[in-house]
Amino acid sequence: MKFKGVLLACSSGALWALSGIMCQILFEEYLVSPEWLVSVRLLSAGVLLTGLTLLQEKGRRKRKKFTPRDFVGLLLFSLIGMLGVQYTYFKAIQYSGAAIATILQFTGPIFIFLFLVANKEKRLNFFEFVLMAATFIGVFFIVMEGGTASLSLSTMGFFMGIASAVTLAFYTIQPRLLLIKYGEMRIAGLGMLIAGLAFQLIHPVWRPDFQMDRYSVGLVISIIIFGTALPFLFQLSSLRFIEASLASVLTVTEPILATILSVLLFNSQFAGMQVVGFGLVLFSVIFLTRLSDKNEQPKEERVD
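Keep in mind the model is a prediction, meaning the values are calculated, not measured.

Bringing the overall build of the chain into the picture now. Assigned secondary structure in the chain consists of 13 helices and 0 strands. Taken from the N to the C terminus, the helices and strands of the chain come in the order α-α-α-α-α-α-α-α-α-α-α-α-α. Within the chain, contacts between residues separated by at least 24 positions form 86% of all contacts whose residues are at least 6 apart in sequence. Working note: accessible area of the chain is about 15500 Å², and carbon and sulfur atoms make up 67% of it.

Let's shift gears to the pattern of salt bridges. Across all of its chains, the model carries 3 salt bridges by this definition. For the salt bridge of Lys-91 with Glu-35, the shortest nitrogen-to-oxygen distance reads 3.5 Å. Separated by 56 residues along the polypeptide, Lys-91 in helix 3 (residues 68–96) and Glu-35 in helix 2 (residues 34–56) bring together distant segments of the chain. In this structure, Glu-121 and Arg-176 form a salt bridge, with 3.1 Å as the shortest nitrogen-oxygen distance. Within this pair, whereas Glu-121 is found in the loop between helix 5 (108–118) and helix 6 (126–144), its partner Arg-176 is found in helix 8 (residues 176–182), the two being separated by 55 residues in sequence. Judged by relative accessible area, Glu-121 falls into the partly exposed class, the value being 25%. Take Arg-176: its relative accessible area is 36%, and that puts it in the partly exposed class.

With that settled, the discussion passes to the nonpolar core. Leu-26, Val-32, Leu-37, Phe-90 and Val-220 are the most contacted members of the largest nonpolar core, which has 43 residues in total. At the level of secondary structure, the elements contributing two or more residues to this core comprise helix 1 (2–29), helix 2, helix 3, helix 4 (98–105), helix 8, helix 9 (184–199) and helix 10 (214–238). One finds Val-139, Val-143, Phe-278 and Val-285 within the second-largest nonpolar core, a separate group that totals 19 residues.

On to the environment of Ser-33. For Ser-33, the location among the structural elements is in the loop between helix 1 and helix 2. Ser-33 gets classed as buried once you look at its relative accessible area, which sits at 12%. When the C-alpha positions of Ser-33 and Cys-23 are compared, they lie 9.9 Å apart, and in sequence the two are 10 residues distant. Once residues within four sequence positions are removed from consideration, Ser-33 is found in contact with Phe-27, His-203 and Asp-209. Here Asp-209 takes part through its side chain, which lies 2.7 Å from a polar atom of the side chain of Ser-33.

What follows is about the side chain of Arg-186. Residue placement: Arg-186 occurs in helix 9. Given the relative accessible area of 13%, Arg-186 is considered buried. Look past the residues within four positions of Arg-186 in its chain and what remains in contact with it is Thr-53, Glu-57, Arg-63, Lys-64 and Phe-66.

This paragraph deals with the confidence of the model for the chain. With 90% of its residues at a pLDDT of at least 70, the chain reaches an overall mean of 84. The least confident element of the chain, judged by mean pLDDT, is helix 13 (residues 272–303) at 68; the most confident is helix 3 at 94. In the predicted structure, residues 146–152 sits below a pLDDT of 50 and forms 13 contacts with residues beyond four places in sequence or in another chain. In the model, residues 297–304 has pLDDT below 50 throughout and makes 2 contacts with residues more than four positions away in sequence or in other chains.

For helix 5, the complete set of buried residues consists of Gly-108, Ile-110, Ile-112, Phe-113 and Leu-116. Lys-120 sits one or two positions beyond helix 5 and adopts a positive phi of about 60°.

Take the environment of Arg-63 next. For Arg-63, the location among the structural elements is in the loop between helix 2 and helix 3. The exposure class of Arg-63 is partly exposed, given its relative accessible area of 41%. For the pair Arg-63 and Tyr-182, spaced 119 residues apart in the sequence, the C-alpha separation amounts to 9.0 Å. Residues contacting Arg-63, with those up to four places away along its chain left out, are Leu-54, Glu-57 and Arg-186.

Our focus in this paragraph is the side chain of Ser-164. Examined against the element boundaries, Ser-164 turns out to sit in helix 7 (residues 155–173). Beyond its immediate chain neighbours, meaning those up to four positions away, Ser-164 contacts Val-85, Thr-88, Tyr-89 and Gln-105.

Right, let's talk about helix 12 (residues 253–266) for a bit. Here helix 12 contains 14 residues, and its C-alpha end-to-end distance of 19 Å stays within 8% of the 20 Å for a straight helix at 1.5 Å per residue. In the segment just after helix 12, Asn-267 is the residue with positive phi, at about 55°.

Before going further, it helps to examine the packing of aromatic side chains. In this structure the tally under the stated criterion is 8 aromatic pairs. Seen from their ring centres, Tyr-87 and Phe-199 are 5.9 Å apart, and the 50° between their planes marks the pair as tilted. Here the residue Tyr-87 occupies a position in helix 3, and Phe-199 occupies one in helix 9, the gap between them amounting to 112 residues. One aromatic cluster in this structure is built from Phe-27, Tyr-89 and Phe-90.

The next subject is the packing of helix 1 against helix 3. Here helix 1 crosses helix 3 at 55°, and the two axes come no closer than 9 Å. Relative to helix 3, the element helix 1 lies oblique. In this structure, helix 1 crosses over helix 3, and the sense of that crossing is right-handed. Across the interface between the two elements, Trp-16, Gly-20, Cys-23, Gln-24 and Phe-27 of helix 1 pack against Tyr-89, Phe-90, Ile-93 and Gln-94 of helix 3. For the contact of helix 1 with helix 3, the per-class residue count stands at 6 nonpolar, 3 polar and no charged.

Cut-offs and rules
- Residues numbered from 1 in each chain as written.
- Predicted model: local features only at pLDDT ≥ 70, side-chain atom pairs only at ≥ 80, totals over all residues.
- Heavy atoms only, no water.
- Helix = DSSP H or I, 4+ residues; strand = E, 2+ residues; numbered from the N terminus.
- Contact = heavy atoms within 4.5 Å.
- Areas by Shrake-Rupley, 256 points an atom, 1.4 Å probe, with all protein chains shown as cover.
- Salt bridge = Lys/Arg side-chain N within 4 Å of Asp/Glu carboxyl O.
- Buried < 20%, exposed > 50% of the residue type's maximum accessible area, 1.4 Å probe, protein only.
- Core = buried A, V, L, I, M, F, W, Y, C linked by side-chain atoms within 4.5 Å.
- Polar contact = N/O pair within 3.5 Å; in protein donor to acceptor, adjacent residues only side chain to side chain.
- pLDDT = per-residue confidence, 0-100.
- Expected span 1.5 Å × (residues − 1).
- Phe/Tyr/Trp six-rings, centres within 6.5 Å; stacked < 30°, edge-to-face > 60°.
- Axes fitted to C-alpha atoms, helices over the stretch in contact; angles between N-to-C directions.
- Parallel < 35°, antiparallel > 145°, perpendicular 65-115°, else oblique.
- Left-handed = near helix turned anticlockwise from the far one by under 90°.
- Nonpolar A, V, L, I, M, F, W, Y, C, P; charged D, E, K, R; others polar.

Here you go:
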């Protein structure tokens, strides 16, 4: 059973990586705007996941209704967390490519950790401090190619990549009580749906700004189904067989695969120190996540 959970978690990371690559193809070959892609992705995936939630709850007599306070929390999660992480990630891909965007977003757990420390939910020990320092050094190597002479990616690409990590942290932390109270599927589906509806005011889905053909439409549909709905379902399903921290770590397949595919498909070239930076970020975040889980285990057992 544990193997099944590992397979599901790795598959979700791989599908997210493929989604980033497909987005980069649309941006570079079809000049699709990130705004339109965010709009159609959120709205379509929100409809799919909300529809699945309604089917699951069809036989239930009572469905929990949102309190006014919870509804405000849902709006914040939708407009800042869900919309924020999707938009900044897509913009980072547009400016710096899928590999760099994904590895920058992968630093999200560092910002989660810092929030928990600031909120006095965790204590920072020396080894954790070293791991966080190593992560930021890794990001420095990625951005500066190991030197200080010039940036290896655009300022906007770097800013959007880090913004996607920060909004990922918000997306993870803010809805914790909502997820427990109403369920992951319901909250994620509604979050995507609300964010998608709100984004129609910025870029409606019925106004595509690119040449639509079978290939481009196929990519868009694949991003919605295989890059959004399915990996989320796989990630949720994996939690039935393995612990959440292990599932989170196993999504390391996303930045690794995104980097490999970027080299193969786009002829992306990375300096030696950038590769070192990738390694520092990946291993530091993985070990920090695992260490954090061990430190929090007694607390989780008391809550259960």
